[in-house]
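Here are the chains, one letter per residue:
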Amino acid sequence: ACRVLVLPQRQSAGAPEYEMALGAARDFVRRGGGLLVTHDAVGARQHPAPFGDVCAGVGAVKLTEARVAVDHPITAGLQVGQAVPHSYYDHIALKPGGGATVILDDTEGNPVLAAGKVGEGRFVANGMCTGLGLGDAETPPTGSELTVLINAVRWLGGVE
């Protein structure tokens, strides 16, 4: 019944229940599901990378904007080079591996969002902390950040 999981960063990344949930998410993707991870959950700080061979986090960059790097279903409705401002004060730079497509980067050339296929499923690593703003307050995404989020979920679910 579920086609897409969204796994944001957690404060308890090293907790056994997080490791169990991540293991289940990996199996879900390999069997044909979609997984979107955000901010530290891409594999930064204490968070293990769900699919490090596809993409992993390398560290925080204190910029509040990404930009569209390629034409892809995740960027539908946006133009290559278009700014994607985000509500959080930083994002996680990514290190894409084989099979990953860099969808968003930043003005320093750091990959910010990448996507790839894993087994029968799909995976998106989003270095932005979509849903949080100043002071870690819940902040609904808007504009191009919202467009990218919706399109990523659609792509993960096989709706293009």
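Numbering of residues begins from 1 in every chain and follows the order in which that chain's sequence is written. The predicted origin of the model limits local features to residues at a pLDDT of at least 70 and limits the giving and counting of side-chain atom pairs to 80 or more, whereas totals for whole chains, interfaces and linings rest on all residues. With hydrogens and water stripped out, all remaining heavy atoms of the structure feed into the side-chain values.

### Re the overall build of the chain
Each helix corresponds to a stretch of at least 4 residues labelled H or I by DSSP, and each strand to a stretch of at least 2 residues labelled E; elements are numbered beginning at the N terminus. What the chain contains, in helices and strands, is 2 helices and 9 strands. Secondary structure elements of the chain, listed N to C terminal, follow the sequence β-α-β-β-β-β-β-β-β-β-α. Relative to a compact globule of 160 residues, whose C-alpha radius of gyration would be 15 Å, the chain shows 14 Å and is just as compact. Taking the principal axes of the C-alpha coordinates as reference, the chain spans close to 35 × 35 × 30 Å. Any residue under 20% of the maximum accessible area for its type is buried, any over 50% is exposed, and the rest in between are partly exposed; the area is computed with a 1.4 Å probe on protein chains only. The 160 residues of the chain split such that 46% are buried. For the chain, the accessible surface area stands at approximately 7,500 Å², while carbon and sulfur atoms represent 52% of it. For a compact globule the rule gives 2.2 Å times the number of residues to the power 0.38, and the radius of gyration it is set against comes from C-alpha atoms. Each accessible area is a Shrake-Rupley estimate made with a 1.4 Å probe; only the visible protein chains count as cover when residues are assessed.

### Overview of the nonpolar core
Core analysis: the largest hydrophobic core is formed by 20 residues, its most contacted members being Leu-35, Val-37, Phe-51, Cys-55, Phe-123 and Ala-125. At the level of elements, helix H1 (16-30), strand E2 (34-38), strand E6 (91-96), strand E8 (111-118) and strand E9 (121-126) are the ones that each hand at least two residues to this core. In terms of residue count, H1 provides more of this core than any other element does, 5 residues in total. Residues grouped as a nonpolar core are buried Ala, Val, Leu, Ile, Met, Phe, Trp, Tyr and Cys residues, joined through side-chain atoms within 4.5 Å. Counting residues in each nonpolar core, the second largest holds 17 residues, with Leu-104, Leu-113, Met-128 and Leu-156 among its members.

### Comments concerning the packing of aromatic side chains
Ring pairs are drawn from Phe, Tyr and Trp, using the six-membered ring of Trp, whenever the two centres fall within 6.5 Å, and their geometry is named by plane angle: stacked under 30 degrees, edge-to-face over 60, tilted for the rest. Within the structure shown, the criterion is met by 2 aromatic pairs. Ring geometry for Phe-51 against Phe-123: centres 5.2 Å apart, planes inclined by 70 degrees, an arrangement best described as edge-to-face. Here Phe-51 is found in the loop between E2 and strand E3 (55-61), whereas its partner Phe-123 is found in strand E9, with 72 residues between them in sequence. A residue is classified by how much of its surface remains accessible, and Phe-51, at 3% relative accessible area, is buried. Looking at Phe-123, the relative accessible area reads 0%, which means it is buried. Ring geometry for Tyr-88 versus Tyr-89: centroids 4.7 Å apart, planes at 45 degrees, classification tilted.

### Considering the side chain of Glu-145
Tracing the backbone through its elements, the reader meets Glu-145 in helix H2 (residues 143-156). Charge counting follows a simple rule: Lys and Arg are positive, Asp and Glu are negative, and His as well as the terminal groups are ignored. By definition here, a salt bridge exists when the distance from a side-chain nitrogen of Lys or Arg to a carboxyl oxygen of Asp or Glu is within 4 Å. Buried and without a salt bridge, Glu-145 has Arg-45 as its closest oppositely charged side chain, separated by 14 Å. The contact definition used throughout considers only heavy atoms, calling two residues in contact when any of these lie within 4.5 Å. Sequence-distant contacts of Glu-145, defined by excluding residues within four places in its chain, comprise Val-84, Pro-85, His-86, Ser-87 and Thr-130.

### Let's talk about the pattern of salt bridges
Enumeration according to the criterion identifies 3 salt bridges in this entry. For Asp-105, the salt bridge goes to Arg-67, with nearest N and O atoms at 2.7 Å. Taken together, the positions of Asp-105 in strand E7 (residues 101-105) and Arg-67 in strand E4 (residues 65-68) put the pair 38 residues apart, joining distant regions of the chain. On the accessibility criterion, Asp-105 (15% relative accessible area) is buried.

### Quick look at unusual backbone geometry
Despite not being glycine, His-39 shows a phi value in the positive range, around 50 degrees. For His-39, the position within the fold is in the loop between E2 and E3. We note that Asp-136 has phi near 60 degrees; this positive angle belongs to a residue other than glycine. Among the secondary structure elements, Asp-136 is positioned in the loop between E9 and H2.

### Quick word on the sheet that holds strand E1 (residues 4-7)
Backbone hydrogen bonds are what pair the strands of a sheet, in a parallel or an antiparallel way. DSSP-based pairing: two strands are paired if at least 2 bridges between them are found. On the basis of which strands lie adjacent, the open sheet formed by 7 strands has the order E1-E2-E9-E8-E7-E4-E5 and mixed pairing. In this open sheet, the two strands that pair with only one neighbour each are E1 and strand E5 (83-85). The mean inter-strand angle of the sheet, taken between neighbouring strand axes irrespective of direction, is 25 degrees. Of the strand pairs in this sheet, E2 and E9 are connected by 5 bridges, and their pairing is parallel. Paired with Thr-38 across the bridge in E9 is Asn-126. Between N-to-C directions, angles span 0 to 180 degrees; the directions come from axes that are lines fitted to C-alpha atoms, helices contributing only their stretch in contact.

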